[in-house]
Structures are given as structure tokens and as C-alpha cells.
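# Structural features, examined
Okay, here's what each chain looks like letter by letter:
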Amino acid sequence: MTISRRTLMVTSLGATAASFVGGRAAYGASWHGPQPRLLASDLTSPAAFTVDLPFPPVLKAISAEPGVDRYALEVRSSRLEILPGFQTTVWGYDGLFPGPTFETRECQPISLTLRNELPVPIAHHLHGAHTLPESDGYPTDLILPAAFNGHVHADRRAVTSQVSRVYQYPNDQRPSMLWYHDHRMDFTGPQVWRGLAGMYLTRNDEELNSPLPLGDFELPLHICDRSFERNGNFKYPSLDPELKEKMGVEHSFMGGVLGDVVLVNGAPWPRFTAAQTLYRLRLLNASNARWYELQFQTNGQLLPFTQIGTDGGLLRSPVRKDSILLTPGERADIVVDFSTLPLGSTAALTNRRAQGRMSQIMRFDISHQSKPSGTIPAFLSDIRPLERTGVSRIRDFHFSYHSRAGWLINNRPFDPERIDADPAFGSTELWRISSDAEHPVHLHGVHFQVANSGWHGHHQAEVSWKDTVALRARQRVELLIPFTASRGRYVFHYHNLEDEDMAMMANFEVI
Ligand code: C2O
Ligand code: CU
């Protein structure tokens, strides 16, 4: 009997899915390459649930001219109290960590003038946005400091600027929560770790007029992990602490750096005083390498919640869940209902993929009554599932690790000047992406639909738009990708920032 390739593929996918049924599988069960590694802090971390959940300020436009709202941000170093009683040197947008939150409207373009006051180059990327390539923050499109003679990756197509640069965001992708972060070639991991990340919301009338909780009942949550030095500064295993010459991390951390303190909106294991009603949570995993499988626990029991959206905006209809997987770069839009919890009770947001303190994220203290904050409509938004029949081309990309050559895509390390795929503008392609290791994969400048049924527990009915997708070890996902946003050169990569810095990246150019 002969077994066709297709049968083999289906069988191995089935086996992969089955081995994760327990949901607690460790990083890459059958994988022997580098794995994310815990970096221990040099100080005793604070007690959980003692700091109130902060919210980054909403950034105000400096002017609203017809057709465009203008914003400005300065990237600089500052000292912030992150752990009670300690000062941390942060590299932040306007000196904040996370940076200010953008509140924007669908199809209302904005321009952002970014000034770099750091001693190193930056590249500024709006993750999840449709932009022209010159505003995407391509890793070599650097904003150099006034004076710099350190490492700059060679790329003849790079367009660098000095001290400041203007980015244009048309906001014509589906309304959702995006996030912005540094994308400097070879140094993204350490620069994001030092604080260069923030949230960016786009809304439209349909959503604002819906009965979903809003205002005080909608909480953007920027979740990440960090480690700290004895003096309260962030600890990170860079080979060059100045981030000027030598890229990369100490060898043992090349699979990713995991912190041992959870920060939500920049506060360690915070608490939030909640009303007995519904809350909409805009979740972002802004960690370099840590995966979260989020759950709510109250009184020793799981509290189910409702997912209403993904990276690319609202789902068609709400989905009840007990837990949700959020890998680095991914966002989820959920509604949790505290109306049945007694006053004085608590609900903990926990991470099922970690033990001990790292299994805790934050706590909601149910402290007062309120009028109902909203409801979840049965129909959320219009999503048409993409059909395979409309696909003009199939491409395969395999992400792998080789002990000599490092992280490779289709056996090649990143080269900014090599184009690895050239989809035609307006076409839809099917990309089959597989990986040796367990990693999220992210594409710039587009959104896609995952076409495999049974992709980590998602039902086929749950059609959603994504820009980042989690791959299990030895799993293959099929992505239906319409290249309709813009022509030009964009990157796709592992959204594990340490691996991305080690060249786990490739180019596509929409032509
Ligand atoms: Cu979150 Cu290349 O980006
Ligand atoms: Cu991105």
C-alpha cells in the first residue's frame, strides 16, 4: 500500500493536535533547538496585587487639519517607578512605558512625527497596520540619532533619516487594537524590552454604536514580562549593553528571553477595582518570547468569558471560551462578565502555561455595583471567509534552526535585499507555513485568514482576520492572504524578538 504525501500530512497534523489536547505541553515537545529561557531578576519581586492597574495616557493630536490628524512623539530615556521603591531607566515614547495610547477612527488618516533622542537608531513599526512601505518601519529604515557611528545593517534600499521622521497611517484596515513598537534591525529585542512599545486603537461608528462595554468598562491591557537588576533597571542579556556595535544575546538566550515579573500596562501583577458588570478587555501580548494561555479564576473555579475579536478586528459572532492562547504580538478582544460574582470577591487573570508567580497576571477586585455596562450583540461584524478557489499562487515557507547557520526561512538567513516572495498587488495567495519550533509568525502590511480547520482548537466557523499566528512545533498552518493594501517591500518573521534579531525574517514585495 502506498501512502500519499497528502495522507501523511493530514496524519501528522492530527497527531500534533492530539498531543496538545492537555494544553500544557511544554515548549516544543519534540524539538531540540534553542528554547526561550527564564532570566532571573537580581532583586526580590514585589508582592502581587498591591499596585493599581495604570493606563497609559491617550495621546492628543497636535492639530487636526482637514483630512489628517497630526501627532508627535519623542523617543527618549526616562526614569520611572515600575517596582514600588525602585527607579527603572526606560526607553519610552514620550518617556513612558508603555507609550501613550492612540485613539483613532477608521479611514481618518493620521501623521506621526517621531523624534529620536536616544543614543541609538530606532525603526518605528505599527503592527497590524496597512501603510505604504515607507511608513511601515522596515527594520533598516532607521531614524538615526544626531551622531552615531555604531552598527548599521547594510541595505541599499534603506531610507534612513536623522533625528526625526514622519509616518502616515491611513487607518484603512479593519478597526481593531494594533500596537506600535521598535523594529531596529538586529536590536528589536533589547529595545522593546527597554520600553519601546504602546497600544493603538482604531474604531468606527458601527462599533461605537454597538452595545459593547465602552469608556470605563473597556480596558486596554498591555501584557509583558521583564527581569530586573538589583538597582531596579531592566535586566537583559545583550552582548553589547550599549546596543551600539554588537548585536544579539548571550548564547543561552538565543531561543528567547523570558522575564520573571509580569507587567500589565507597566505595573507588576496589578489589581483593578471592578464593578459587578461586563468589561471589555483589549489584550496584547507585548512580550519578547513568552506565551500566555489566559484564564479567569474565581473562588477556585474557571470563569468563562467571550471572545469578540482578534488581531484584525471583531469576529462575526461571539465565542464562549475558558481560555485563550496569546503568543507574542497577538491581540484578543474579549468580554468578561463579573455580574454574577459577589461583592468582595476576586477574579484572577492567570496564565495556564506558567507555574508559580508567573502563572499570575493581575486581579480584579469586585467591589461595587453599577448599571449594566453593555451587552454582547449576537452579530458583531461582517467577515466573509476567503475561498481557496480564489488563490492565484501557493507558496511554502519553512522556519527552522540549524546549529551552525542559526535561524533560517527556507534554509536562508534574512537578507534585506533579497525578495523571497513577489505576490501581485490585488491577488490572494495561499502560504503554507511550517516550523520546527513553536513560534508565532507575523506578516507586515496585510491581514490573513487561517485556512486549516482545527488550527489549535479554533472551529472552522470561527473565521477571523489575523496578522500574527501561533505555530506549534512541526505544525503547518495555511494562510489565505489578500495582498490588497499596498505595493512594496515588507517583512515577515517569527514574532519572538530574539529570533527575529537573529535573522529569522524574510521579505515579500507586492508588485
Ligand atoms: Cu510586531 Cu515586525 O512586528
Ligand atoms: Cu508588524
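Look a little higher up for the structure.
The structure contained in this document is the topic of the report that follows. (Residues numbered from 1 in each chain as written. Chains lettered and ligands numbered in written order. Predicted model: local features only at pLDDT ≥ 70, side-chain atom pairs only at ≥ 80, totals over all residues. Heavy atoms only, no water.)

### A few points about the sheet that holds strand E30 (residues 428-435)
Strands belonging to one sheet form pairs held by backbone hydrogen bonds; the direction of such a pair is parallel or antiparallel. Taken together, 5 strands build an open sheet; the order of strands is E29-E28-E30-E34-E32 and the sheet is mixed. Since the sheet does not close on itself, it has two edges, and those belong to strand E29 (406-409) and strand E32 (449-450), each with one partner. Here 4 bridges tie strand E28 (residues 393-402) to E29, and the two strands are oriented antiparallel to one another. Bridge pairing in E29 places Tyr401 opposite Trp407. (Pairing = 2+ DSSP bridges. Helix = DSSP H or I, 4+ residues; strand = E, 2+ residues; numbered from the N terminus.)

### Quick notes on the nonpolar core
Leu281, Phe338 and Phe364 are the most contacted members of the largest nonpolar core, which totals 59 residues. The element that contributes the greatest number of residues to this core is strand E13 (residues 218-228), accounting for 5 residues. Domain assignment of the residues forming this core places at least three in each of domain 1 (63-208) and domain 2 (215-368). In this structure Phe338 touches Ala274, Ala275, Gln276, Thr277, Tyr279, Leu303, Ala347, Phe364 and Ile366, once residues within four positions along its chain are discounted. Counting residues in each nonpolar core, the second largest holds 28 residues, with Val446, Val450, Tyr494 and Ala506 among its members. (Core = buried A, V, L, I, M, F, W, Y, C linked by side-chain atoms within 4.5 Å. Buried < 20%, exposed > 50% of the residue type's maximum accessible area, 1.4 Å probe, protein only. Domains from an automatic or database assignment. Contact = heavy atoms within 4.5 Å.)

### Focus on the side chain of Ser227
On the secondary structure map, Ser227 appears in strand E13. Overall, the relative accessible area of 0% leaves Ser227 in the buried class. Of the polar contacts made by the side chain of Ser227, one reaches the backbone oxygen of Leu39; its length is 2.6 Å. Looking at Ser227, its side chain comes within polar contact range of the main-chain nitrogen of Asp260, at 3.4 Å. Sequence-distant contacts of Ser227, defined by excluding residues within four places in its chain, comprise Leu39, Ser41, Trp193, Asn233, Phe234, Lys235, Leu258, Gly259 and Asp260. (Polar contact = N/O pair within 3.5 Å; in protein donor to acceptor, adjacent residues only side chain to side chain.)

### A few points about the packing of aromatic side chains
Centre distance and the angle of the planes are the two values used to describe a pair of aromatic rings. Here the structure, examined in full by the defined rule, presents 28 aromatic pairs. On the numbers, 4.8 Å between centres and 55° between planes, the contact of Phe397 with Trp431 is tilted. Pair noted here: Phe397 is in strand E28 and Trp431 is in strand E30, with a separation of 34 residues, a long-range link. What makes Phe397 buried here is its relative accessible area of 4%. Note on Trp431: relative accessible area 0%, which makes it buried. Between Trp407 and Tyr494 the ring centres are 5.9 Å apart and the planes differ by 70°, which places this aromatic pair in the edge-to-face class. Highlighted residues: Trp407 in strand E29 and Tyr494 in strand E35 (residues 488-494), separated in sequence by 87 residues. Ring pairs connect the aromatic residues Phe55, Phe217, Phe272, Tyr279, Phe296, Phe305, Phe338 and Phe364, which therefore count as one cluster. It is Arg194 that lies over the ring of Trp91; its NZ or CZ is 4.4 Å from the centre. Taking NZ or CZ as reference, Arg357 lies 4.2 Å from the ring centre of Trp269, over its face. (Phe/Tyr/Trp six-rings, centres within 6.5 Å; stacked < 30°, edge-to-face > 60°. Lys NZ or Arg CZ within 6 Å of the ring centre and 35° of its normal.)

### Considering the coordination of the copper ion (ligand 2)
Looking at the copper ion (ligand 2), one finds its protein donor set to be His125 (NE2) and His442 (NE2), positioned 1.8 to 1.9 Å from the metal centre. Here His442 lies in strand E31 (residues 439-443) and His125 lies in strand E7 (residues 124-127), a separation of 317 residues in the sequence. Each member of the pair His125 and His442 is classed as buried. (Donors = N, O, S within 2.8 Å, 3.2 Å for Na, K, Ca; no water.)

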